[in-house]
Amino acid sequence: MIFMMYEGSVRDVGKLLSMLSSLLNLKVVGLKYVNKSFTYGELGSIEELPLSVEDVQAPSSYKLVEEGASARFRHSFPSLKYFLYPPAQEVLYIDKDFGLREAKVDYGNIALFGIKPCDLYSMRVLDGILMNRDPYYTSARSSVKVVVVEECVKPSNVCFCGSVGTGPGVSSGFDVAFARLSNGVVVFKSGSSIGADLLKRLNVKKAGDRTVAEYGEAMGEALKSTKVLPELNALTNALEKSINNVELWNKVSKKCVACSNCNMVCPTCFCTEFFDEAELDGSARRLKKWHGCLSYSYGLVAGGHFRPKLYMRYRHFILHKFLFYPRQVGLIGCVGCGRCITWCPLGVDIRETLWEVFKSVG
Amino acid sequence: MLAKPLTPLPAVVTGVIDEAPLVKTIYVALRDFPEPAPGQFNMVYARGLGEVPISVSDAFRRGDRLVIAHTVRSVGAVTKHLTTFIEVGSQVGIRGPYGRGWPLEGMEGMDVLIVGGGIGLAPLRPIIRYVEARRDSFGRLFILYGARTPHDLIYKHELGKYTEIPNSVVKVSIDKPYEGWTGYVGFVTDLIDRIDLDPSRTTAYVCGPEVMMKVAVRRLASRGLKADKMFLSLERRMRCGMGVCGTCQFGHYFVCKDGPVFSYDELMNYLWVDGI
Amino acid sequence: MRKASVGVFKLTSCSGCINELIYALVKHPELLKLIEVKYFTELQDVNELTELDVAVIEGSSIRGEHEEVLKKIRGLSKVLISMGTCATLGGVQSLRVGVDVNEVKKYVYPSPEYVDAYSDVKAVSELVQVDLSLRGCPVNGDALASIIKKIVVGGWPVEVYESLCAECKRAGIECVVVTKGIPCLGPIVSAGCGALCPSFGRGCYGCYGIKDKDIDVGKVFEMGEALEKLGLSKEDFHSLLKGYSMSLVKSLKT
């Protein structure tokens, strides 16, 4: 049955992971923590997940602490797009006779494992832009057959998913979700018939009243801690009213040096550039790379520039997430993960920007 | 979705016309290529160098092939190559046609006003062809065209012929006085005030540098034209042509797929915001 | 196809970029079939200063004689490329700018009177028109080969202006500033090296020069403040700016 809640232990999380490959024959992919570095890739076992480290995040600061069983990991800089929409891809090979060979993307059949609600939401946003348009994303995304989400019982200092409605819990778009409570109990819930079937086979017991209550309490606390922005409608109205307030945008982008780290770590930033490599025999390769709207090239055309000033590009970053995405794909484009805050080397904080804009309209 | 959306079709260059200093029209012939609508553009690929979005400035069938004209100005790495090294027989790649073109269906009975600046006449030319082919379905045809100097005017070989289109008014301007020029001197947008315009039955199609289009919008509005009867074709950095590379965003629009042609009422909130 | 005539010239520099160019030619020997080397003293014995399709300049100008040679080369060349940070931005020798050149000479040379040098250090673009500037100390050999190929086939590189951080993040390198508190100039420095230093856990010291298109004095100041908090003194920051971005520092917008 869908939406049933169960309880078990971390060992059951491991069993669930192996069931996905043994039972459903899926390649299990998640954020691996191996040799003290993070990459998206195929998970051999639960040992490769960052289950016993905790990320201590603040503007321009990221530290990992080994905390054993009580550690609750949220995220590092690689978001799901590193996997579904890689930073650089060869898209085309053109031989000397102008014969064209399009690069193929074949991910096989995949289960995403342990992704966070913010990253789950980012996939919906990217779907809205890229699905059935970009062939590489479409192919990668279509390979995802099962999604297992870990809900965030203990969000970080930079998390504000609750403010944008993307977390810390999930209510749709997943097959199985699990939450590791502080007492070691792991709550499982199913979000699809596949998920329901998996949990049945996992043989975990139905969650008891006490566990359900503790889960509710923990998730309630988590939600509260991430509600840090002004109410969304009021905020978008303020942004709308501030579009032409140059002084304000100069002020909020004062510290920004246009390094585009925010673009690179943002799970919903998808802008790309194409590059050519010429060979002397007339053949060529065509490559695609992420390109951030904070970079000077963004808006640059031969013979002119449509966003020559830094504030214009910073403003686009903010407006795109909060005003333009809703009009483009019907979803808010900021998932509230806070990666742009942590990984900004100058400590520019999107929460401060949004408050500043909000306050400026009184 | 196209089977191979990012793969250009190889196309042979069948003609090159020198239009103006640094401006050439390159004709390519293609099989199995969709017929572009007026105002749409193609991504033109120079092998090993890159792709550029170029408006379709003409399209016609020749046998089993579709011939498409792209008017290119040499401003960047790729356009410089296209205007310097490409000759009849050269191969380029073409993807497209992309975007939303000029609204012409449903405009029957209306007067058509074309305002073009510089190379901005290129995407407007298919409108002239369209109206000419259906002359009785439309009202008057106004063609207002301006360039910096007489040399910079494009389609010189056919500008004169536009006056032969029945019920048409053609006015050409250059920005500054030039020896031997007897026509109007000033900005093309000045010409808007020099025609007998009936705002209630006119649709305006505008393309040129963005500053010029902004002036045109103001002039047309002062002549009583409604915002939903003015159409502008925008230029932005474009890399994909189908709304995935994100670099052409203008407000919430992807200029490549939501445009490049927009009605002024769609743009009103953004057009006056610098760098949006 | 007519071979492109090429000349490679050296002003004041360490020849590191010329080495990269030679490595690139060795790695892509097919290039040599399409170019005719007219002038390249590090590569051949017989050299001729004549009309060129492409002139490549390494190094910056430190005396009047350099300026004259440069102007002559410019007059003879269709395309002029400044190769590397010295040619493009001044280079490490710019550290002495602002100090009496005779004082500096005494520290280095036993007979300073034989050394002809003026006080300033000038990038090529301060003296003649430059068609293409390549940064890096040294330049990135692979990028160099890629650009030469494009020019030889009748093209031109499409330039992208972004910070080193963009390359660093795309390569999946963990930020040394954010995770380790190591001072890194990456955020204000031009991309191009492939984030070499951060990939070895070191901070970028800015050898590609600062991004001049979107960085003004205020932004450099913001960066300086941030670096100071990480332990990089103002003096050291200024030295790095002088040593690798001198011509940009001269022209920074306030």
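## Re the overall build of chain B
And then number 1: Helix and strand counts for chain B stand at six helices and 15 strands.
And then number 2: Counting only C-alpha atoms, chain B reaches 50 × 45 × 35 Å along its principal axes.
And then number 3: Once local pairs closer than 6 in sequence are excluded, the contacts in chain B between residues at least 24 apart make up 70%.

## Digging into the overall build of chain A
And then number 1: Helix and strand counts for chain A stand at 13 helices and 16 strands.
And then number 2: Taking the principal axes of the C-alpha coordinates as reference, chain A spans close to 65 × 60 × 35 Å.
And then number 3: In chain A, which comprises 362 residues, the share counted as buried stands at 52%.
And then number 4: Residue pairs in contact within chain A that sit at least 24 positions apart in sequence constitute 71% of those at least 6 positions apart.

## So, the sheet that holds strand 7 (residues 100–102) of chain A
Residues and elements named next belong to chain A.
And then number 1: Here we have four strands laid out as an open sheet, ordered 7-6-14-13, and antiparallel in their pairing. Since the sheet does not close on itself, it has two edges, and those belong to strand 7 and strand 13 (272–278), each with one partner. For this sheet, the mean angle separating the axes of adjacent strands, direction not counted, is 25°.
And then number 2: Examined bridge by bridge, strand 13 and strand 14 (residues 284–290) share seven bridges and lie antiparallel to one another. When the sheet's bridge partners are listed, Glu-277 is paired in strand 14 with Arg-285.

## As for the domain arrangement of chain B
Residue and element names in this part refer to chain B.
And then number 1: Under the domain assignment, chain B is made up of domain 1 (9–98) and domain 2 (111–271).
And then number 2: Computed from C-alpha coordinates alone, the two centres of domain 1 and domain 2 are separated by 21 Å.
And then number 3: Across the boundary between the two partners, domain 1 contributes 18 residues, which contact 20 residues of domain 2.
And then number 4: Secondary-structure elements contributing two or more residues to the side of domain 1 that touches domain 2 are strand 1 (9–20), strand 3 (41–46), strand 4 (50–62), strand 5 (65–73) and strand 6 (91–98).
And then number 5: Considering every element that reaches the side of domain 1 that touches domain 2, the biggest residue donor is strand 4, with five residues.
And then number 6: Residues belonging to the side of domain 1 that touches domain 2 are distributed by class as follows: nine nonpolar, five polar and four charged.

## Examining the environment of Gly-64 of chain C
Residues and elements named next belong to chain C.
And then number 1: Tracing the sequence through the fold places Gly-64 in helix 2 (residues 64–76).
And then number 2: A tally of 11 C-beta atoms within 10 Å means that Gly-64 is categorised as exposed.
And then number 3: For the pair Gly-64 and Ala-117, spaced 53 residues apart in sequence, the C-alpha to C-alpha distance is 8.1 Å.

## Observations regarding the nonpolar core
And then number 1: Counting 268 residues, the largest nonpolar core has Ala-111 of chain A, Ile-114, Ile-127 and Val-206 of chain B together with Ile-57 of chain C as the members making the most contacts within it.
And then number 2: Take this core: its biggest share by element is 11 residues, from helix 11 (residues 310–329) of chain A.
And then number 3: Those residues within four positions of Val-206 of chain B in sequence are excluded, and the remaining contacts are Val-115, Met-213, Ala-216, Met-230, Phe-231 and Leu-232 of chain B.

## Brief notes about unusual backbone geometry
And then number 1: Here the bond from Gly-259 of chain B into Pro-260 of chain B is cis, since omega is 10°, no more than 30 degrees from zero.
And then number 2: The residue after Cys-137 of chain C, namely Pro-138 of chain C, is reached through a cis peptide bond having omega 0°.
And then number 3: With respect to the helices and strands, Pro-138 of chain C occurs in the loop between strand 5 (132–134) and helix 5 (141–152).
And then number 4: Here the phi dihedral of Asn-25 of chain A falls at roughly 60°; this positive angle occurs in a residue that is not glycine.
And then number 5: What makes Asn-25 of chain A exposed here is the crowd of 11 C-beta atoms within 10 Å.
And then number 6: In this model, Asn-132 of chain A sits at a positive phi of 65°, which is unusual for a non-glycine residue.
And then number 7: Mapped onto the fold, Asn-132 of chain A is located in the loop between helix 3 (117–130) and helix 4 (135–142).
And then number 8: A tally of 12 C-beta atoms within 10 Å means that Asn-132 of chain A is categorised as exposed.

## Topic: the interface of chain C and chain B
And then number 1: Each partner contributes residues to the interface: chain C has seven residues there, and chain B has eight residues.
And then number 2: Its residues assigned to classes, the side of chain C that touches chain B comprises four nonpolar, two polar and one charged.

## Details of the interface of chain C and chain A
And then number 1: Contact with chain C, which involves 34 residues of that partner, is made by 33 residues of chain A.
And then number 2: Breaking the side of chain C that touches chain A down by element, the ones donating at least two residues are helix 5, helix 6 (164–170), helix 7 (176–180) and helix 9 (217–229) of chain C.
And then number 3: Split into classes, the residues belonging to the side of chain C that touches chain A amount to 16 nonpolar, six polar and 12 charged.

## A look at the confidence of the model for chain B
When pLDDT drops low, the exact placement of atoms in the prediction is not to be read closely.
And then number 1: When the pLDDT values of chain B are averaged, the result is 95; 99% of them are 70 or greater.
And then number 2: Confidence estimates for the predicted assembly give a pTM of 0.95 and an ipTM of 0.94.

## A short note on helix 9 of chain C
Residue and element names in this part refer to chain C.
And then number 1: With 13 residues, helix 9 should reach 18 Å at 1.5 Å per residue; the first-to-last C-alpha distance of 19 Å fits that figure.
And then number 2: Listed in full, the buried residues belonging to helix 9 are Lys-219, Val-220, Met-223, Ala-226 and Leu-227. Take helix 9 and look down its axis: the buried residues cluster within an arc of 120°, on one side only. Away from its buried face by more than 90 degrees, helix 9 exposes Val-217, Phe-221 and Lys-229.
And then number 3: Where helix 9 is buried, its residues touch helix 10 (234–251).
And then number 4: Following helix 9 by one or two positions, Gly-231 has its phi on the positive side, about 105°.

## A closer look at the domain arrangement of chain A
All names here are of chain A.
And then number 1: Split into domains, chain A comes out as domain 1 (5–77 + 105–225) and domain 2 (232–360).
And then number 2: Between the C-alpha centres of domain 1 and domain 2 there is a distance of 27 Å.
And then number 3: Contact residues are listed per partner, giving 26 residues for domain 1 and 27 residues for domain 2.
And then number 4: The set of elements that each furnish at least two residues to the side of domain 1 that touches domain 2 consists of strand 5 (61–66), helix 3 and helix 5 (161–164).
And then number 5: Taken together, the residues that form the side of domain 1 that touches domain 2 break down as 14 nonpolar, 10 polar and two charged.

## Here's the deal with the packing of helix 8 (residues 232–242) of chain A against helix 13 (residues 350–360) of chain A
All names here are of chain A.
And then number 1: Contact pair helix 8 / helix 13: the axes reach a minimum separation of 8 Å and the direction vectors enclose 75°. Judged by the inter-axis angle, helix 8 sits roughly perpendicular to helix 13. For the pair helix 8 and helix 13, contact is made by Ala-234, Leu-235, Ala-238, Leu-239 and Ser-242 and by Leu-354, Val-357, Phe-358 and Ser-360, respectively.
And then number 2: Of the residues assigned to the contact of helix 8 with helix 13, the class counts are seven nonpolar, two polar and no charged.

## Here we look at the sheet that holds strand 4 of chain B
Residue and element names in this part refer to chain B.
And then number 1: Read once around its circumference, the closed barrel built from six strands follows the order 1-2-5-4-3-6, with strand pairing classed as antiparallel. Going from strand to strand, the sheet's axes swing by 45° on average, the running direction of each strand aside.
And then number 2: Direction of pairing for strand 2 (residues 23–30) relative to strand 5: antiparallel, over a ladder of eight bridges. Paired with Val-23 across the bridge in strand 5 is Arg-73.
And then number 3: Together, strand 2, strand 3, strand 4 and strand 5 form the strand contacts of helix 1 (residues 77–84), whose direction differs from that of strand 4 by roughly 40°.

## Some details on the pairing of strand 13 of chain A
Strand residues, when the strand is regular, have side chains that alternate between the two faces of the sheet.
And then number 1: Counting buried residues along strand 13 of chain A, six of its seven residues qualify, which places the element largely inside the surrounding structure.
And then number 2: Between the antiparallel neighbours strand 13 of chain A and strand 14 of chain A lie five residues, among them Gly-282 of chain A with a positive phi of about 100°.

## Section: the packing of helix 1 (residues 16–27) of chain C against helix 5 of chain C
All names here are of chain C.
And then number 1: At a minimum axis distance of 9 Å, the contact between helix 1 and helix 5 shows a crossing angle of 65°. Here the hand of the crossing between helix 1 and helix 5 comes out right-handed. Contacts from Glu-20, Leu-21, Tyr-23, Ala-24 and Lys-27 in helix 1 reach Gly-141, Leu-144 and Ala-145 in helix 5.
And then number 2: Among the residues forming the contact of helix 1 with helix 5, the class breakdown is five nonpolar, one polar and two charged.

## Topic: the pairing of strand 2 (residues 35–40) of chain C
Residues and elements named next belong to chain C.
And then number 1: Here five bridges tie strand 1 (residues 4–10) to strand 2, and the two strands are oriented parallel to one another. Bridged to Val-6 within strand 2 is Val-37.
And then number 2: Each parallel crossover has a hand, and the one from strand 1 via helix 1 to strand 2 is right-handed.

Thresholds applied
- Residues numbered from 1 in each chain as written.
- Chains lettered and ligands numbered in written order.
- Predicted model: local features only at pLDDT ≥ 70, side-chain atom pairs only at ≥ 80, totals over all residues.
- Helix = DSSP H or I, 4+ residues; strand = E, 2+ residues; numbered from the N terminus.
- Contact = placed C-beta atoms within 7 Å.
- Buried ≥ 20, exposed ≤ 12 C-beta atoms within 10 Å, placed from the backbone.
- Pairing = 2+ DSSP bridges.
- Axes fitted to C-alpha atoms, helices over the stretch in contact; angles between N-to-C directions.
- Domains from an automatic or database assignment.
- Nonpolar A, V, L, I, M, F, W, Y, C, P; charged D, E, K, R; others polar.
- Core = buried A, V, L, I, M, F, W, Y, C linked by C-beta atoms within 7 Å.
- pLDDT = per-residue confidence, 0-100.
- Expected span 1.5 Å × (residues − 1).
- Arc of directions from axis to C-beta.
- Parallel < 35°, antiparallel > 145°, perpendicular 65-115°, else oblique.
- Left-handed = near helix turned anticlockwise from the far one by under 90°.
- Right-handed = clockwise from strand over helix to strand, strands pointing away.

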